[in-house]
Every structure is written in C-alpha cells, then in structure tokens.
Amino acid sequence: MKQLRGTELKRLHRQWRRGNEFRLAMILENLQSPFNVGSIVRTASAMGAEKLYLSGDTPSVRSAGAQKAAMGTDKYLKVEYFPTIAEAVAAAKGDGFKVVGLELADEAVPMFAAELTPAVAFVLGHEDRGVTADALALCDQVVFVPQLGRVGSLNVSAAATVACYEARRQGYAITGAPDGSDAGGPDEGDLGDD
C-alpha cells in the first residue's frame, strides 16, 4: 500500500466529485476566530461547497488568521458578506438552498435524520453563543451532531466538517457513487505508473 500523490490523487478526487452533484454552502454568523473561518473555508473547499455567506462580525476570509488556516483554498469558493444574518439567509434561499441551522436546540433533530440534499446551506454561529435565536427562526430546519462523550459541544470548525461530510454521505447514498469498496480508489490501469 502506498499514499496517493499528484495525478493519482487528482484522479481519485475527480472520480468522487463526479458522483455527487448535490449543492453545498455555508453561512457563518458572527464567528469570532479568523482561524475557525479559515478552517471552515478549507473544509468547504475540500467538500466542493460552492459558496460561503459571511454575516455580522465574522472575520474576512482574507484576514491573516483565516488565510493561515485556509492555506489559499478560498480561491475555490464564492464568498459574499452580508451585514445581517437575515440578508445572508435570504441570499442563500434565493440561490436555491435549504437553510439548515447547526445548533443544540430543543427542536433540533439529529443530523443523520435530516434530508440534506439536493441543496443545503448550513448556518454556523459564534464559538461561545452559537446560532442566534433570530437565525434559528429563519432556518428551514435545525440539526445537531449527536455526541456520546462528556464534552457538550464541538468546535465550530469541527462541527462544520461533520455537517459537510454528512451532506456528502447522503448524496452518495442516493447516487450510488463510489463507496470505497469498488470505486473508492484509482482504477488499476489508471495509476499513472508509466
């Protein structure tokens, strides 16, 4: 077994990308840390999200801290800033996204029980205060990440990663695309060893 590099890695990513055409976006509400913004940018880019809606006091993706964590991956996303969460949510809905809040709230459902296809924009809130009540009221649905340990919540960038992966997993469950057992790696004749 060997790590994939260069052409092999590009072929593997292209194969997975072709199998999941469902749409994904993120709405960031009043995040505090530019490093969290950068981490979310990197995850969103890696998962093929098409847009990032920034609202309120969320740091710019061009800030030094965000750039350090994102490592230049913001070039793969459309990024738009809105003064209020209401404007950001309206824009996402106008772009055809179902808006899903990611928050530990009384009416939230486990993430795996929500329909996260064909187009979902996740709302992620402040590191300490979470998604505001105003934002929750604007969401089409609210979900949470079930946790089994003694820690009550995840870091916002970790929660964003879980959300992106669950949305993509649901997409692959529908399309029957690569599942790792028969199409998750490069084809034998496609390894580029020549």
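Asks: What is the right way to read the confidence of the model for the protein chain from this model?
Replies: Detailed reading of the predicted coordinates is not advisable wherever pLDDT falls low. The pLDDT averaged across the protein chain works out to 90; a share of 91% of its residues lies at or above 70. When the criterion is pLDDT under 50, residues 181-194 qualifies, and its contacts beyond four places in sequence or with other chains add up to 19 contacts.

Asks: It is not clear to me how the pairing of strand β2 (residues 51-55) should be interpreted in this structure. Could you clarify?
Replies: Side-chain positions along a regular strand alternate between the two faces of the sheet. With five of five residues buried, β2 is to be regarded as a mostly interior element. Burial along β2 is two-sided: the residues Lys51, Tyr53 and Ser55 and Leu52 and Leu54 are all buried. The sheet contact formed by strand β1 (residues 23-29) and β2 spans five bridges and is parallel. Among the inter-strand pairings, Ile27 is bridged to a residue of β2, identified as Tyr53.

Asks: What is the right way to read the packing of aromatic side chains from this model?
Replies: The geometry of two aromatic rings is summed up by the distance between their centres and the angle between their planes. The full count for this structure, using the stated rule, is two aromatic pairs. With a centroid separation of 6.4 Å and an interplanar angle of 80 degrees, the aromatic rings of Tyr53 and Phe97 are classed as edge-to-face. With Tyr53 in strand β2 and Phe97 in the loop between α4 (85-94) and β4 (98-102), the pair connects residues that are 44 residues apart, well separated along the chain. Three or more aromatic residues joined by ring pairs form one cluster here, namely Tyr53, Phe82 and Phe97. Above the face of the Phe97 ring, Arg23 is positioned so that its terminal group lies 4.2 Å from the ring centre.

Asks: What should I look at first to understand the environment of Thr175 in this one?
Replies: Along the chain, Thr175 turns up in helix α6 (residues 156-175). Distance in space between the C-alpha atoms of Thr175 and Gly19 is 6.7 Å, their sequence separation being 156 residues.

Rules and cut-offs
- Residues numbered from 1 in each chain as written.
- Predicted model: local features only at pLDDT ≥ 70, side-chain atom pairs only at ≥ 80, totals over all residues.
- Heavy atoms only, no water.
- pLDDT = per-residue confidence, 0-100.
- Contact = heavy atoms within 4.5 Å.
- Buried < 20%, exposed > 50% of the residue type's maximum accessible area, 1.4 Å probe, protein only.
- Helix = DSSP H or I, 4+ residues; strand = E, 2+ residues; numbered from the N terminus.
- Pairing = 2+ DSSP bridges.
- Phe/Tyr/Trp six-rings, centres within 6.5 Å; stacked < 30°, edge-to-face > 60°.
- Lys NZ or Arg CZ within 6 Å of the ring centre and 35° of its normal.

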